[in-house]
Amino acid sequence: MIITDILSHTWCHLSFLLGLLGNSYVVYSTVCHRAIKLDKLSICIIQMLAVSDLTNTVLVLVPVIISLYARSTWILGHTFCELSFVYKYLGYIANVILINALAFNKMMRCLFPLRNMNCSRTQRWSVAMITVVGTLMTPIYHSYKTSLKDLFSVQFSRSQCMCWMVQIAEPPGWHYILDYGFSGLLNALPCLTLIGINTFLVSYAVKKSTRPVNKMNIVIVVLITASFLVSSLPYFIYYMASGDVWQDDDVILRFVTFIMFTMFWSNPVIYLATNKYFRKFTVGSVRRDARTSIGQNMSFRNSTRRDPRASIGRTEL
């Protein structure tokens, strides 16, 4: 149990730092320096993905880390427990929609290479509005479920270090069908199928395209999709196998839950590994910072050599 706690603390803190710093860097580098060279709609979607992952990193991982410090107990109150259950799937659904949009856009670029590379305001707003509307379906439905106190109860799961909804009574027939239908949608089988289909279409478009395309840009889409599947499929399989009957101290459940945190920080790593312009910008920034730091140190040393009293004065201050 001690080893599990140590690994949980290490993984959550590492995921938090990578998600916070990595996604903030993606937003900064693409907005201020246009560091990733893709078509403008793909850049817009990548920025939305970074904002989604950044928001999810803060909203999901901060309560988890606090719970770990409290020895896997919830200390933030029942109201915030219900609220955290309502919003914890926001980033997940947003990622599903945005990854599909990114794959579909790349497919269209491959099939129609002469298409304008610019991104209109209508396209940006369309992607943003579809993402917002699709994402808000989850908290609206969960808010409705939390209002049914006689049927459902939000409780803290020690295994997940998150709040989870437990069914305490048999709902009416129509509600039973609605609940399981929405749960199937929420647990991503149709969404993952769409991502798989879009990945296939992208691969098909590359083969059938009449003009050469940048293969690495296609690899970005494929790797983003694969990363999302790898991080979410174990949890989905466990959920389908176990249903709502979960033990309170289940190591496997903690593992499949915490592995989902990979999706918070994996995209910046993928951009760095596959987009040479982003990698060149990052390496150049690091070298410039290193040269600036060395130059400042050399200037300080030279000044102290010329005037020893300057070093004494600085030390005393």
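Residues numbered from 1 in each chain as written. Predicted model: local features only at pLDDT ≥ 70, side-chain atom pairs only at ≥ 80, totals over all residues. Heavy atoms only, no water.

Caption draft 1: The arrangement of helix α4 (residues 90–111) in detail. Across its 22 residues, α4 extends 32 Å between first and last C-alpha, which sits within 8% of the 32 Å expected from 1.5 Å per residue. Taking burial as the measure, the 22 residues of α4 include 16 buried ones, the bulk of the element. (Helix = DSSP H or I, 4+ residues; strand = E, 2+ residues; numbered from the N terminus. Expected span 1.5 Å × (residues − 1). Buried < 20%, exposed > 50% of the residue type's maximum accessible area, 1.4 Å probe, protein only.)

Caption draft 2: Representation of the state of the cysteines. Evaluated as defined, the whole model comprises 1 disulfide. Note on cysteine connectivity: Cys81 is disulfide-linked to Cys163, with sulfurs 2.0 Å apart. Here Cys81 and Cys163 share a disulfide; its torsion about the S-S bond, -125°, makes the bridge left-handed. In this pair, Cys81 sits in helix α3 (residues 78–87) while Cys163 sits in strand β2 (residues 162–167), placing the two residues 82 residues apart along the sequence. Of the two residues, Cys81 and Cys163, both sit in the buried class. (Disulfide = S-S within 2.5 Å.)

Caption draft 3: Region of the structure containing the pairing of β2. Looking at chain direction, strand β1 (residues 152–157) and β2 are connected through 6 bridges and run antiparallel. If you follow Val154 over to β2, its bridge partner there is Met165. Here β1 folds back onto β2 in antiparallel fashion, the turn holding 4 residues, of which Cys161 has a positive phi close to 55°. (Pairing = 2+ DSSP bridges.)

Caption draft 4: Looking closely at the packing of aromatic side chains. By the definition in use, this model includes 10 aromatic pairs. Considering the side-chain rings of Trp11 and Trp265, the 6.1 Å spacing of their centres and the 70° angle between planes classify their relative orientation as edge-to-face. Taken together, the residues Trp11 in helix α1 (residues 2–32) and Trp265 in the loop between α9 (251–258) and α10 (266–274) connect sequence positions 254 residues apart. Residue Trp11 is classed as partly exposed on the basis of its relative accessible area, which comes to 25%. Residue Trp265 is classed as buried on the basis of its relative accessible area, which comes to 17%. An angle of 25° between the planes, with centres 5.6 Å apart, marks the rings of Phe261 and Phe264 as stacked. Among the residues examined, Phe264 registers a relative accessible area of 4% and is labelled buried. An aromatic cluster is present here, built from Trp74, Phe80, Tyr87 and Phe156 joined pairwise through their rings. (Phe/Tyr/Trp six-rings, centres within 6.5 Å; stacked < 30°, edge-to-face > 60°.)

Caption draft 5: How the structure looks around the packing of helix α2 (residues 40–69) against α4. Where α2 contacts α4, the two axes come as close as 10 Å, and the packing angle between them is 165°. One element, α2, and the other, α4, form an angle in the roughly antiparallel class. Relative to α4, α2 is oriented so that their crossing is left-handed. Of the residues in α4, those touching α2 at Leu41, Ser42, Ile45, Met48, Leu49, Ser52, Asp53 and Asn56 are Gly91, Tyr92, Ala94, Asn95, Leu98, Ile99, Ala101, Leu102, Asn105, Lys106 and Arg109. Of the residues assigned to the contact of α2 with α4, the class counts are 10 nonpolar, 6 polar and 3 charged. (Axes fitted to C-alpha atoms, helices over the stretch in contact; angles between N-to-C directions. Parallel < 35°, antiparallel > 145°, perpendicular 65-115°, else oblique. Left-handed = near helix turned anticlockwise from the far one by under 90°. Contact = heavy atoms within 4.5 Å. Nonpolar A, V, L, I, M, F, W, Y, C, P; charged D, E, K, R; others polar.)

Caption draft 6: Seen up close, a positive patch on the surface. Among the surface-exposed residues, Arg34, Lys37, Lys40, Arg121 and Arg124 lie close enough to one another that they form a single positively charged patch. In this fold, Arg124 is placed in helix α5 (residues 121–146). Classification of Arg124 as partly exposed rests on a relative accessible area of 33%. (Patch = residues over 30% accessible without salt bridge, like charges linked within 9 Å, V, L, I, M, F, W, Y side chains within 5 Å. Areas by Shrake-Rupley, 256 points an atom, 1.4 Å probe, with all protein chains shown as cover. Salt bridge = Lys/Arg side-chain N within 4 Å of Asp/Glu carboxyl O. Lys, Arg positive; Asp, Glu negative; His and termini not counted. Charge placed at Lys NZ, Arg CZ, Asp CG, Glu CD.)

Caption draft 7: Representation of the pattern of salt bridges. Counted according to the given criterion, the structure contains 2 salt bridges. For Lys106, the salt bridge goes to Asp39, with nearest N and O atoms at 3.3 Å. Residue Lys106 is located in helix α4, and its partner Asp39 is located in the loop between α1 and α2; the two are separated by 67 residues in the primary sequence. Asp39 shares its class with Lys106; the two are buried.

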